[in-house]
Amino acid sequence: MTTIGFIGLGNMGGPMAANLVKAGHQVKGFDLSEATLDQFARAGGVAAQNVNAVLDGAGVVITMLPAGTHVKAVYLGDDGLLAQAQPGTLFIDSSTIDVESARIVADAATKGGMAMIDAPVSGGVGGAEAGSLTFMVGGPDDAFAAAKPYLEIMGKTIVHAGAAGNGQAAKICNNMILGISMIGVSEAFVLAEKLGLDAQSLFDISSTASGQCWSLTTYCPVPGPVPTSPANRDYQAGFTAAMMWKDLKLAQEAAIATGAATPLGAEASALYGVYCNGGDAETDFSGIVRFLRGDG
Ligand code: NAD
């Protein structure tokens, strides 16, 4: 049994930490929200009173926070985790954040004698609950090897994508594909409606033809063809449009910083921005089909 510190026990972090508890580890957790911390304690975790209290006896610390600003605030500075932890502590940041912040924090960890990986996830709240997340990992080989047994409790597919920041790079590239493909599939269904082609027929053909992709076959944005997709429950999220917009903005920041040409990524980010600001930020990202149809 290992003592594990866990900071950020929200929609994703809560069930991830609960799976570590179920696997027999002692998990000391902290979250700014009292209600979230109470829920964690009910799942068998030990509630800590502040960020640094999770370090007490912990050889491994996992963070699952909203954005790069939160991650830098928790890790850096004289009161931050890296200054307060015992040298050799293993840090795993599973938040989805910008590549630059991930590399700044990883660099500070190395300088402070800590092991660190960035390990953002794909799979959503369902994957976090089921322990079936995909982890995309950036960082040194030895830190990856040390983290893997813990990642395997929370996830099913664990991929080492290279040096620090590469986990975040993989995450934003993947989600840029996803955002663009969801808009593409949605446009096709809207055009099909105008042409008098029913959704099931388009699905039956495209799902076995060259238009096949995850946005079509697993997460179909219109009700009917894929009964488990959010379209069948009035676009109740799954993966919110706000989260998709966040990831598309991270991809655009990275594209600007590196000079990569991503015109469709830029357009997808703009469309999700309009969709979110129209009041649909908390609906599922596949709901963009309603906006494209003009009824959302
Ligand atoms: P969330 O808002 O539910 O949870 C974040 C938690 O962090 C909150 O409970 C908040 O109180 C806590 N927090 C913020 N600052 C803190 C601090 N200084 N100290 C302690 N706690 C602090 O968000 P989430 O859905 O769990 O997402 C977390 C991360 O996972 C994000 O980066 C998100 O992009 C990523 N992600 C989410 C999903 C999803 O489907 N929800 C999927 C993949 C990746």
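Please refer to the structure placed before this passage.
Being a predicted model, the structure only gives us computed values, none of them experimental. (Residues numbered from 1 in each chain as written. Predicted model: local features only at pLDDT ≥ 70, side-chain atom pairs only at ≥ 80, totals over all residues. Heavy atoms only, no water.)

**Brief notes about empty space enclosed by the protein**
Heads up, the condition is: Both site types are read off a 1 Å grid over the protein atoms alone. A 1.4 Å probe that fits but cannot get out defines a cavity, while an open set with protein on both sides within 12 Å along at least five of seven lines defines a pocket; lining residues have an atom within 4 Å of a point. Grid points are joined across faces, edges and corners, and a volume is the space filled by probe spheres set on the points. Numbering of helices and strands starts at the N terminus; helices are DSSP runs of H or I of at least 4 residues and strands are runs of E of at least 2. Put simply, Ala, Val, Leu, Ile, Met, Phe, Trp, Tyr, Cys and Pro go in the nonpolar bin, Asp, Glu, Lys and Arg in the charged bin, and everything else, Gly too, in the polar bin.
A full pass over the atoms with the stated rule returns one cavity of 30 Å³ or more. In this structure, the largest cavity encloses a volume near 40 Å³. As for the largest cavity, its lining consists of Asp93, Ile97, Ala102, Ala106, Met116, Ile117 and Asp118. Secondary structure elements with two or more residues in the lining of the largest cavity: α5 (99-111) and β6 (115-118). Top contributing element to the lining of the largest cavity by residue count: β6, with three residues. Of the residues that constitute the lining of the largest cavity, the class distribution is five nonpolar, no polar and two charged.

**Observations concerning the layout of surface pockets**
Over the atoms, a rolling probe the size of a water molecule traces out where space has been left empty. In this structure, the second largest pocket occupies an estimated 190 Å³ of space. For the second largest pocket, the full set of lining residues is Asp98, Val99, Glu100, Arg103, Ala169, Ile172, Leu250, Glu253, Ala254, Ala257 and Thr258. Breaking the lining of the second largest pocket down by element, the ones donating at least two residues are α5, α8 (166-195) and α11 (241-258).

**Digging into the sheet that holds strand β8 (residues 133-137)**
In plain terms, the rule: Strands qualify as paired when DSSP identifies two bridges or more between them. A contact between two residues is defined here by any heavy atoms of the two lying within 4.5 Å. Axes, fitted as lines to C-alpha atoms, cover a helix only where it is in contact. Angles between the N-to-C directions of the axes lie from 0 to 180 degrees.
Strands sit in the order β7-β8-β9 across an open sheet of three strands; the sheet is mixed. Of all the strands in the sheet, just β7 (121-122) and β9 (155-160) have a single pairing partner and so form its edges. Bridge count between β8 and β9: five bridges; the pairing is parallel. By the bridge assignment for β9, Phe135 is matched with Ile158. Most of the contacts of α8 go to β8, to which it runs at about 125°, and overall it touches β7 and β8.

**Side note on the state of the cysteines**
Using the following cut-off: Cysteine sulfurs are considered disulfide-paired once they come within 2.5 Å of each other. Under the scheme applied here, a residue whose accessible area is under 20% of the maximum for its type counts as buried, over 50% as exposed, and between as partly exposed, the area being computed with a 1.4 Å probe on protein chains only.
The full count for this structure, using the stated rule, is zero disulfides. Free cysteine: Cys173, not disulfide-bonded; nearest cysteine sulfur from Cys213 at 17 Å. Since its relative accessible area comes to 47%, Cys173 is described here as partly exposed.

**Quick notes on the site of the ligand**
The condition is simple: The near set for a molecule or strand comprises every residue that places at least one heavy atom within 4 Å of it. In protein, a polar contact requires one atom able to donate a hydrogen and another able to accept it; more generally it is a pair of N or O atoms within 3.5 Å, and residues adjacent in sequence count only if both atoms are side-chain atoms. Accessible areas in this description were obtained via Shrake-Rupley with a 1.4 Å probe; residue shielding takes into account the shown protein chains only. Each domain's limits were defined by an automated method or a database of domain assignments.
Every one of the 21 residues lining the ligand counts as a neighbour, but Asn11, Met12, Asp31, Leu65 and Lys246 are closest to it. Between the ligand and Leu32, the relevant distance is 3.4 Å, taken from a nitrogen atom to a main-chain nitrogen or oxygen of the residue. Interatomic distance of 2.8 Å between a side-chain N/O atom of Lys246 and an oxygen atom of the ligand. The fraction of the free accessible surface of the ligand (840 Å²) that becomes covered by protein chains is 85%. Listed by contribution, the elements that provide at least two residues to the shell around the ligand are α3 (68-75) and α11. Residues belonging to the shell around the ligand are distributed by class as follows: eleven nonpolar, seven polar and three charged. A domain-level breakdown of the shell around the ligand finds at least three residues from each of domain 1 (3-163) and domain 2 (169-293).

**Observations regarding helix α2 (residues 34-42)**
Residue pairs spaced three or four apart in an α-helix point in one direction, given the helix's 3.6 residues per turn. Our working rule: In this description, one arc is meant: the one made by directions from the helix axis to the C-beta atoms.
Of all the residues in α2, the buried ones are Thr36, Leu37 and Phe40. Projected down its long axis, α2 carries its buried residues within an arc of 100°, all on one side. Among the exposed residues of α2, those oriented more than 90 degrees off its buried face are Glu34, Ala35, Gln39 and Arg42. Of the surrounding secondary structure, the elements contacted by the buried residues of α2 are α1 (13-22), β2 (26-30) and β3 (46-47). Downstream of α2 by one or two residues, Gly44 has phi in the positive range, about 100°.

**Examining the pairing of strand β4 (residues 60-63)**
Looking down a regular strand, the side chains alternate between one sheet face and the other. The alternating pattern of β4 places Val60 and Ile62 on one face and Val61 and Thr63 on the opposite face, and all of these are buried. Bridging between strand β1 (residues 3-7) and β4 involves four bridges; their strand directions are parallel. Looking at β4, one finds that Ile4 is bridged to Val60. As judged from the four bridges shared by β4 and strand β5 (residues 90-93), these two strands associate in the parallel manner. Across the sheet, Ile62 pairs through a bridge with Ile92, a residue of β5.

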